[in-house]
Amino acid sequence: MASTTPAVPRWRHAAAGEWAAVSSVGAWRVEEVGKHQQMRRTRLPVCNLHALDPALSYPSSIMGWDRVVVVNLERIHTVITATEVLVPGPRDLAITPLVWELRTNLENQAGKDGVVSPPSPRERGGDKDGQALGSDKALPFEFRALEVCLEFTCKSLEQEVQPAALLIF
């Protein structure tokens, strides 16, 4: 007896499907990207794109190559290039806050002309008098995007643990 239900692939690669592309100035768009197109765009081998597939079990990791950083932390999966951050599944309710955080933080750090403004002495880790402890150079886009991803991961884990901590104490 033939089944009338359509055939569904056993598992879907994270490289295929919708991706949110957030630029260095906070502009964003949703794109339909195939696996091969994503491999050409990021110059990543397919085995490294598998690490972004939420259906597969990979340990949390941050992997860096010449032109790209792959972030695979808890529920956060991103590909960071020199000009944009790519986030798979942007319409997923668990991913939407990450896209929003990337947009707002990267937009706030960029000037009106698209040039990143240097952080204030307090943002750079200055002391009480506003004396800078570090250099006046702004961080590259890749590091700012990675910082947003790490902060988002920490916040989401804190929100997850907070109810359990209240029950214990």
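Residues numbered from 1 in each chain as written. Predicted model: local features only at pLDDT ≥ 70, side-chain atom pairs only at ≥ 80, totals over all residues. Heavy atoms only, no water.

Chemist: What should I look at first to understand the overall build of the chain in this one?
Modeler: Along its length, the chain carries four helices and six strands. Traced from its N-terminal end to its C-terminal end, the chain shows the element sequence β-β-α-α-β-β-β-β-α-α. When the 169 residues of the chain are sorted by exposure, 31% land in the buried category. Counting contacts in the chain only where the partners sit at least 6 residues apart, residues at least 24 apart contribute 50% of the total. Total accessible area on the chain stands at roughly 11000 Å², and carbon and sulfur atoms take up 57% of it. (Helix = DSSP H or I, 4+ residues; strand = E, 2+ residues; numbered from the N terminus. Buried < 20%, exposed > 50% of the residue type's maximum accessible area, 1.4 Å probe, protein only. Contact = heavy atoms within 4.5 Å. Areas by Shrake-Rupley, 256 points an atom, 1.4 Å probe, with all protein chains shown as cover.)

Chemist: What should I look at first to understand the environment of Arg103 in this one?
Modeler: Along the chain, Arg103 falls in helix 3 (residues 96–109). Classification of Arg103 by relative accessible area gives partly exposed; the value is 27%. In this structure, the C-alpha to C-alpha distance between Arg103 and Ser23, residues 80 residues apart in sequence, is 8.1 Å. With residues near it in sequence (within four places) discarded, Arg103 still touches Val22, Gly26 and Trp28.

Chemist: I would appreciate a short explanation of helix 3 in the present structure.
Modeler: Helical geometry note: an α-helix holds 3.6 residues per turn, so side chains three or four residues apart project in the same direction. The end-to-end C-alpha distance of helix 3 is 20 Å, a good match for the 20 Å that 14 residues give at a rise of 1.5 Å each. Considered for burial, the residues of helix 3 that qualify are Leu98, Val99, Glu101, Leu102 and Leu106. Burial along helix 3 is one-sided: seen end-on, the buried residues are contained in an arc of 160°. Against the buried residues of helix 3 lie strand 1 (17–23), strand 2 (28–33), strand 5 (76–80), strand 6 (84–88) and helix 4 (141–168). (Expected span 1.5 Å × (residues − 1). Arc of directions from axis to C-beta.)

Chemist: Looking at this structure, how should I read the sheet that holds strand 5?
Modeler: Note: strands within a sheet are paired through backbone hydrogen bonds, in either parallel or antiparallel orientation. With antiparallel pairing, the six strands of this open sheet are ordered in space as 2-1-6-5-4-3. Each of the sheet's edge strands pairs with one partner strand only, and the pair in question is strand 2 and strand 3 (61–64). Averaged over all pairs of adjacent strands, the angle between their axes in this sheet comes to 20°, without regard to strand direction. Taken together, the five bridges between strand 1 and strand 6 define a ladder with antiparallel strand orientation. Bridging across to strand 6, Trp19 finds its partner in Pro88. This element, helix 1 (residues 35–42), spans strand 1, strand 2, strand 5 and strand 6 of the sheet and lies at about 125° to strand 2. (Pairing = 2+ DSSP bridges. Axes fitted to C-alpha atoms, helices over the stretch in contact; angles between N-to-C directions.)

Chemist: When you look at the confidence of the model for the chain in this model, what are you seeing that I'm missing?
Modeler: Note: predicted coordinates in regions of low pLDDT should not be interpreted at a detailed level. For the chain, the mean per-residue pLDDT works out to 77, and 72% of the residues sit at or above 70. Looking over the chain, one finds the lowest element-wise mean pLDDT in helix 2 (residues 46–50), namely 75, and the highest in strand 6, namely 91. Residue range residues 5–13 is modelled with pLDDT below 50. Its contacts to residues more than four positions away, or to other chains, number nine contacts. (pLDDT = per-residue confidence, 0-100.)

Chemist: Explain the pattern of salt bridges to me, please; I cannot follow it from the model alone.
Modeler: Taken as a whole and assessed by the stated rule, the structure comprises five salt bridges. Between Arg29 and Glu31 there is a salt bridge, and its shortest N-O distance comes to 2.5 Å. Here Arg41 ties to Glu31 by a salt bridge, and the two come within 2.5 Å at their closest N and O atoms. Separated by ten residues along the polypeptide, Arg41 in helix 1 and Glu31 in strand 2 bring together distant segments of the chain. One salt-bridge network, held together by shared partners, links Arg29, Glu31, Arg41 and Glu84. (Salt bridge = Lys/Arg side-chain N within 4 Å of Asp/Glu carboxyl O.)

Chemist: Explain unusual backbone geometry to me, please; I cannot follow it from the model alone.
Modeler: Generally, phi is negative for residues other than glycine and the peptide bonds are trans, each holding for most cases. Positive phi values are uncommon outside glycine, yet Arg43 reaches one of about 60°. When you line up the elements, Arg43 lands in the loop between helix 1 and helix 2.

Chemist: Looking at this structure, how should I read the pairing of strand 1?
Modeler: Along any regular strand, the residues point their side chains to alternate faces of the sheet. Counting buried residues along strand 1, six of its seven residues qualify, which places the element largely inside the surrounding structure. Pairing of strand 1 with strand 2, which is carried by six bridges, proceeds in the antiparallel orientation. Considered in strand 2, the bridge of Ala21 is made with Arg29. Hairpin remark: strand 1 followed by strand 2, antiparallel, with four residues in the connecting loop; positive phi at Gly26, about 95°.

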